[in-house]
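# Results of the structural survey
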Amino acid sequence: MSAQASIKFFDLVSPIGPPLSPNTWLVRYILNYKKLSYHTEWVPFADVEAVLVQNGIPPTSETYPRYTVPAIIDSTTSNESPKIIADSMRIADYLESTYPAYPIYPGGSRELQVKLIEVFNTHVRPPMVPMGYAMLPAIFEGRDKDAFVASRINMFVRLTGGLHPADLYPEEKRDEMWAALYAGLDTLASYIDENGLGKTEWLFGTDGPAYVDFVLAAWFFWFKLVGPEGCWDRIKGRNGGRWERLHEACQKYTEVL
Ligand SMILES: N[C@@H](CCC(=O)N[C@@H](CS)C(=O)NCC(=O)O)C(=O)O
């Protein structure tokens, strides 16, 4: 671990032990991979905006939720003012340019990796995310649960026309949703193969992980943690077991500091 780094990393309080935000997992993987010294500031879901505003962290969006984790405050360089950054991709870019050892965009591959993420976002996230969101109200507790349900009503209405998270994973649509997720993973696997990627446990990197490996692993980690019972068993072995290999390979970067 590098002695000079000192990074404050804002993540959500998790009622179930392991942190449960996919976007913060992505940043944690990168912090650990780059062997940076950081410590986590745990923020209750209900207090994200209040805590980030208090710490001078800017919004990430013009629309709700305006304030989001992950965010970091990097006070490493004592003769400069601390660097305050929110949004996972902006944090990744900042960490890569500030701490280039253990590169996440090897060989200038950022744009190529973004294309792979677009395939994931288009084909895998849409069927996967509602399944996880449907489970979250039963995972959050107290004020965090109330804040999650209240704040997500608009999102649920937009996605399903329903008014409750459970509407995101209704009994009668489950087979169809799973079929869409399997098809999305097949499309992603084909894209990886067609582009000559995924030759090792890493989907993009070869000698080590790259940014997109962490993006996908973070979403799989989240799905395994919060998705419907048995969800990981249903997908981990698909497409030649590559999703499980990736998940396992990222385990060494899951330390929570
Ligand atoms: N584009 C942002 C999205 C981050 C995001 O949506 N974070 C969620 C937790 S996973 C959040 O902080 N939500 C706060 C809220 O909904 O009030 C990123 O990639 O960092």
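In the block above lies the structure referred to throughout.
Figured I'd write up the structure that's included with this text.

### Notes on the packing of helix α4 (residues 110–123) against helix α8 (residues 211–226)
- One can describe the packing of α4 onto α8 by two numbers: an axis separation of 9 Å at closest approach and a directional angle of 20°. Here α4 lies roughly parallel to α8, going by the angle between them. Regarding α4 and α8, the two cross each other, and that crossing is right-handed. Counting all contacts with α4, which are made through Q113, L116, I117 and F120, the residues of α8 involved are Y211, V212, V215 and L216.
- By residue class, the composition of the contact of α4 with α8 is 7 nonpolar, 1 polar and no charged.

### A short note on the pairing of strand β3 (residues 71–74)
- Relative to β3, strand β1 (residues 7–12) runs antiparallel, the two sharing 4 bridges. Bridge pairing in β3 places I7 opposite D74.
- As paired elements, β3 and strand β4 (residues 83–86) share 4 bridges and run antiparallel to each other. By the bridge assignment, A71 is partnered in β4 with A86.

### Remarks on the sheet that holds β3
- Spatial ordering of the open sheet is given by β2-β1-β3-β4, a layout of 4 strands whose pairing is mixed. Two strands lie at the open edges of the sheet, namely β2 (38–43) and β4, each paired on one side alone. Averaged over all adjacent pairs, the angle separating strand axes in this sheet is 20°, with direction ignored.
- Across 6 bridges, the pairing between β1 and β2 is parallel. In the sheet register, D11 faces β2, and the bridge partner there is W42.

### A look at unusual backbone geometry
- The peptide bond linking Y64 to P65 adopts the cis configuration, its omega dihedral lying at -5°.
- Secondary-structure assignment places P65 in the loop between α2 (48–54) and β3.
- Of note, the bond from V69 into P70 is cis; its omega dihedral lies within 30 degrees of zero at 10°.
- Relative to the helices and strands, P70 resides in the loop between α2 and β3.

### With respect to the environment of D207
- For D207, the position within the fold is in the loop between α7 (174–194) and α8.
- Sequence spacing of D207 and S37 is 170 residues, and the spatial spacing of their C-alpha atoms is 23 Å.

### Focus on the environment of H123
- As for its position among the elements, H123 is in helix α4.
- Taking the C-alpha atoms as reference points, H123 and L20, separated by 103 residues in sequence, lie 22 Å from one another.
- Those residues in contact with H123, other than ones at most four positions away along the chain, are G184, T187 and L188.

### What to know about helix α3 (residues 88–98)
- Among the residues of α3, S88, I91, A92 and L95 are the ones counted as buried. For α3, the angular spread of buried residues about the axis comes to 100°, placing them on one side.
- Structurally, α3 contributes buried residues whose contacts are with α1 (22–33), β3, β4 and α8.

Scoring rules and cut-offs
Here the residue numbers are simple positions, counted from 1 along each chain's written sequence. It should be noted that, the model being predicted, local features are given only for residues of pLDDT at least 70 and side-chain atom pairs only at 80 or more, the latter also being counted only at that level, while totals for whole chains, interfaces and linings use all residues. Each axis is a line fitted through C-alpha atoms, taken for helices only over the stretch in contact, and angles between the N-to-C directions span 0 to 180 degrees. Numbering goes from the N terminus for both helices and strands, where a helix is a DSSP run of H or I of at least four residues and a strand is a run of E of at least two. Should an angle lie under 35 degrees it is considered roughly parallel, over 145 roughly antiparallel, and from 65 to 115 roughly perpendicular; all remaining angles are considered oblique. Note on convention: near helix rotated counterclockwise from far helix by under a right angle means a left-handed crossing. Clockwise means right-handed. It is the C-beta atoms, placed from the backbone, that decide contacts: two residues are in contact if theirs lie within 7 Å. Only Asp, Glu, Lys and Arg are considered charged in this grouping, and only Ala, Val, Leu, Ile, Met, Phe, Trp, Tyr, Cys and Pro are considered nonpolar; every other residue, Gly among them, is considered polar. Strand pairing is defined by DSSP finding a minimum of two bridges between the two strands. Residues with at least 20 neighbouring C-beta atoms inside 10 Å of their own are called buried, those with 12 or fewer are called exposed, and the rest are partly exposed, where every C-beta is derived from the backbone. Throughout, the arc means that of the directions going from the helix axis to the C-beta atoms.

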